[in-house]
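# Secondary and tertiary structure notes
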Amino acid sequence: MPMTENGEFRPLIVAFCCNWCSYAGADLAGSSRLSYPADVKIIRVPCSGRVNPMFILRAFERGADGVIICGCHPGDCHYTSGNYFARRRMTLLFSMLDYIGVENGRTRVEWVSAAEGAKFSATMNEFVEKIKSLGENVRLGDLRCKD
Amino acid sequence: MQGLIDRLSALLSDGTVARVLGWKKGDMPYNPEPHMFETAESLKDFVYDGFCGANLSKMMIEASKLEGKTAVCLKPCDSYSFNQLIREHRVDRENAYIIGVGCRGKLDIDKARANGIKGIEEVSGTELDGPDSVSFKTIYGDKEMSYSDLLLGRCHVCKGKEHMIYDELWGESKDTADSERFDEVKALEAMSPAERFEFFKKELSKCIRCNACRNVCPACSCRKCAFDNNNFDSQQKANVDSFEEKMFHIIRAFHVAGRCTDCGECSRVCPEGIPLHLFNRKFIKDIDELYGEFQAGKDPEAQSPLTDYTFEDCEPGIVAERSNG
């Protein structure tokens, strides 16, 4: 388990951020000097609808402890409807992950606009705290007792 | 059964159809196999009994590309899969002559084996109009088991005796449903996450990646499959990739979500007996609860819930709310 020198658990968080809203929101958080934990690794995607459910499974398999998808608010999608499709897909995927026994706090979808730097920072802080309390993700990597 | 064979040979002889897609006697009395009959004479090997569980609709993808019409025998639940394939433009309705064959539930030979019936030489009483009990002639003597105790798991949640699509019907169907469709899923949902994980870990660890579930699934009919490795010539072979190893069944269930008609073929063909339908049925249950009742294959015009949306859809956070009560 990755630890800091003082024995604190450092989770690995993958954040898929939509180029048009949330990625700019993260930028705004930075330029407004609002901090969020360095455990969050941002992956820029053109739209939350670009996030293939396999990306999330892959992130977990590669050792992510939590995955968050950030997109434009419903109604604000740069491509009109990408986030609506993402919303249905992610709801079903999260439900399936919950069903196979992965803690449901490890996945989240949050709508963050380009003007919501403060929300981005607050969301990330809160999500990292949540994952820290859940601890390391071992389940998905071990789904078939292959390791 | 003779009536059906006579009708099929008449269709072949008068040129209505060029071939018949049905079941042929297998090497054992309980394993008939799908077969394409080209001549009226070859129909002497045609069989339709309680062990003809195979869903022939997927084979119509290739068959409907051939010259002339193909007669295909579809049970009521298979007709949903056929309809779904029409929806996806994978089969040509014009090239199919659908005989809606009756069904009173299909049998699972493993149920007989579990009941101590082994060394089976002959089976009788599995015909559509047969008796309520099935007789086995085994090397250890004669055994008997009731028809309903032998039914495949999927037949206990039968979708009904109506054919969704057909050109003509043959035989009486019977609705064999005697339990709730989502009972198994609900029982799992009631467990704690740790128990659920142990359950699925135990089941999925049995998987040998034979791809039988993928190859039999009517919804898994993409020309190019995400699981095929194009770097090698052995396209159907399992990839040696730990991601695929672990996530195969989740990915496959997601790829067919909203298109799966719950025909139960995946669980029937699994050589390891993994209850794969539990994944698909969970998606169906969620779709029904969150986006309104939807049965894939019921209406060939209906929009799949995953290619559709409404402004009022629930947020993904609902998963945690529902699960944590």
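Everything below is about the structure shown above.
Residues numbered from 1 in each chain as written. Chains lettered and ligands numbered in written order. Predicted model: local features only at pLDDT ≥ 70, side-chain atom pairs only at ≥ 80, totals over all residues. Heavy atoms only, no water.

A separate point is the pattern of salt bridges. All chains considered together, the criterion is met by 30 salt bridges over all chains. With its nearest N and O atoms 2.9 Å apart, the salt bridge here joins A:Glu8 to A:Lys132. Of this pair, A:Glu8 sits in the segment before strand E1 (13-18) while A:Lys132 sits in helix H4 (residues 117-134); the two residues are 124 residues apart in sequence, bridging distant segments of the chain. Residue class for A:Glu8 comes out partly exposed when judged on its relative accessible area of 35%. Assessed through its relative accessible area of 23%, A:Lys132 is described here as partly exposed. B:Lys285 is paired through a salt bridge with B:Glu289; the nearest N and O atoms lie 3.1 Å apart. Here B:Lys285 pairs with B:Glu289, and both are found in helix H10 (residues 277-291), just four residues apart, close to one helical turn. For B:Lys285, a relative accessible area of 5% gives the class buried. B:Glu289 sits in the partly exposed class, given a relative accessible area of 45%. (Salt bridge = Lys/Arg side-chain N within 4 Å of Asp/Glu carboxyl O. Helix = DSSP H or I, 4+ residues; strand = E, 2+ residues; numbered from the N terminus. Buried < 20%, exposed > 50% of the residue type's maximum accessible area, 1.4 Å probe, protein only.)

Residues and elements named next belong to chain A. Taken N-terminus to C-terminus, the directions of helix H2 (residues 53-61) and helix H3 (residues 82-99) make an angle of 35°; their axes are 10 Å apart at the nearest point. You can see that H2 and H3 cross each other, and the crossing is right-handed. Across from Pro53, Ile56, Leu57 and Phe60 in H2, the residues of H3 making contact are Arg89, Met90, Leu93, Phe94 and Leu97. Looking at the contact of H2 with H3 residue by residue, the classes come out as eight nonpolar, no polar and one charged. (Axes fitted to C-alpha atoms, helices over the stretch in contact; angles between N-to-C directions. Left-handed = near helix turned anticlockwise from the far one by under 90°. Contact = heavy atoms within 4.5 Å. Nonpolar A, V, L, I, M, F, W, Y, C, P; charged D, E, K, R; others polar.)

What follows covers the sheet that holds strand E3 (residues 70-74) of chain B. All names here are of chain B. The five strands are arranged E2-E1-E3-E4-E8 in an open sheet whose pairing can be described as mixed. What marks the edges here is a single partner per strand, and that holds for strand E2 (33-37) and strand E8 (168-170). If you compare each strand with its neighbour and ignore which way they point, the axes differ by 30° on average. Pairing analysis gives three bridges linking strand E1 (residues 19-24) to E3, with the strands arranged parallel. Residue pairing in the sheet places valine 20 in a bridge with alanine 71 of E3. Along the sheet face, helix H1 (residues 2-13) touches E1, E3, strand E4 (96-101) and E8 and points at about 170° away from the line of E4. (Pairing = 2+ DSSP bridges.)

Turning our eyes to something else, we now look at the interface of chain B and chain A. Across the contact, 50 residues belong to chain B and 35 residues belong to chain A. For the pairing of chain B and chain A, the buried interface totals around 4300 Å² over both sides, and the portion due to carbon and sulfur atoms is 65%. Of all residues in chain B, the largest losses of buried area upon contact with chain A belong to B:Phe197, B:Phe243 and B:Lys246, amounting jointly to 17% of the total for that side. Applying the counting rule to chain B against chain A returns four salt bridges. One salt bridge in this structure joins B:Asp313 and A:Arg88, with 2.8 Å as the shortest N-O distance. For the pair chain B and chain A, the number of links is 15 residue pairs in polar contact (both at pLDDT 80 or more). Elements that contribute at least two residues to the side of chain B that touches chain A include exactly helix H5 (183-189), helix H6 (193-204), helix H8 (242-255), H10 and helix H11 (318-323) of chain B. Of all the elements, H8(B) adds the most residues to the side of chain B that touches chain A, at nine residues. For the side of chain B that touches chain A, the class distribution of residues is 29 nonpolar, seven polar and 14 charged. (Buried area = accessible area lost by both parts, 1.4 Å probe. Polar contact = N/O pair within 3.5 Å; in protein donor to acceptor, adjacent residues only side chain to side chain.)

This part is about the nonpolar core. Counting residues in each nonpolar core, the largest one holds 56 residues, and the members touching the most others are A:Ile56, A:Val67, A:Ile69, A:Ile100 and A:Leu140. Ignoring anything within four residues of it in the chain, the contact list for A:Ile56 reads A:Phe16, A:Val51, A:Val67, A:Ile69, A:Met90, A:Leu93 and A:Phe94. The next biggest cluster of nonpolar side chains, apart from the first, holds 34 residues, and it includes B:Phe46, B:Cys73, B:Leu74 and B:Ala96. (Core = buried A, V, L, I, M, F, W, Y, C linked by side-chain atoms within 4.5 Å.)

Bringing the packing of aromatic side chains into the picture now. Scanning the model with the defined rule gives 15 aromatic pairs over all chains in all. Ring centres of A:Phe85 and B:Tyr309 lie 5.0 Å apart, and the angle between their planes is 85°; this geometry places the pair in the edge-to-face category. You can see A:Phe85 sitting in helix H3 and its partner B:Tyr309 sitting in the loop between H10 and H11, one on each of two chains. The class of B:Tyr309 is partly exposed, set by a relative accessible area of 24%. Here the guanidinium or amino end of A:Arg88 rests over the ring plane of B:Tyr291, the centre of that ring lying 4.0 Å away. One Lys or Arg, B:Arg104, reaches over the ring of B:Tyr147 and ends 3.7 Å from the middle of that ring. (Phe/Tyr/Trp six-rings, centres within 6.5 Å; stacked < 30°, edge-to-face > 60°. Lys NZ or Arg CZ within 6 Å of the ring centre and 35° of its normal.)

What follows deals with the state of the cysteines. Enumeration according to the criterion identifies one disulfide over all chains in this entry. Note on cysteine connectivity: A:Cys21 is disulfide-linked to A:Cys72, with sulfurs 2.4 Å apart. Looking down the S-S bond of the A:Cys21 and A:Cys72 bridge, the torsion is 100°, so its handedness is right-handed. Of the two residues, A:Cys21 is situated in the loop between E1 and helix H1 (22-31) and A:Cys72 in the loop between strand E3 (66-71) and H3; the sequence distance between them amounts to 51 residues. Relative accessible area serves as the criterion here: at 8%, A:Cys21 is assigned to the buried category. Judged by relative accessible area, which is 4%, A:Cys72 ranks as buried. Not part of a disulfide, B:Cys103 finds its nearest cysteine sulfur in B:Cys155, a span of 5.8 Å. Its sulfur unpaired, B:Cys270 is 6.3 Å from the next cysteine sulfur, which belongs to B:Cys210. (Disulfide = S-S within 2.5 Å.)

Residue and element names in this part refer to chain A. A sheet is described by the order of its strands in space; here four strands give the open sequence E2-E1-E3-E4, paired in parallel fashion. Each having just a single partner strand, strand E2 (40-45) and strand E4 (107-111) make up the two edges of the open sheet. For this sheet, the mean angle separating the axes of adjacent strands, direction not counted, is 20°. Against the sheet, H1 contacts E1, E2 and E3, and its axis sits at roughly 110° relative to E1. Its contacts with the sheet place H3 against E3 and E4, and it is angled at close to 160° to E4.

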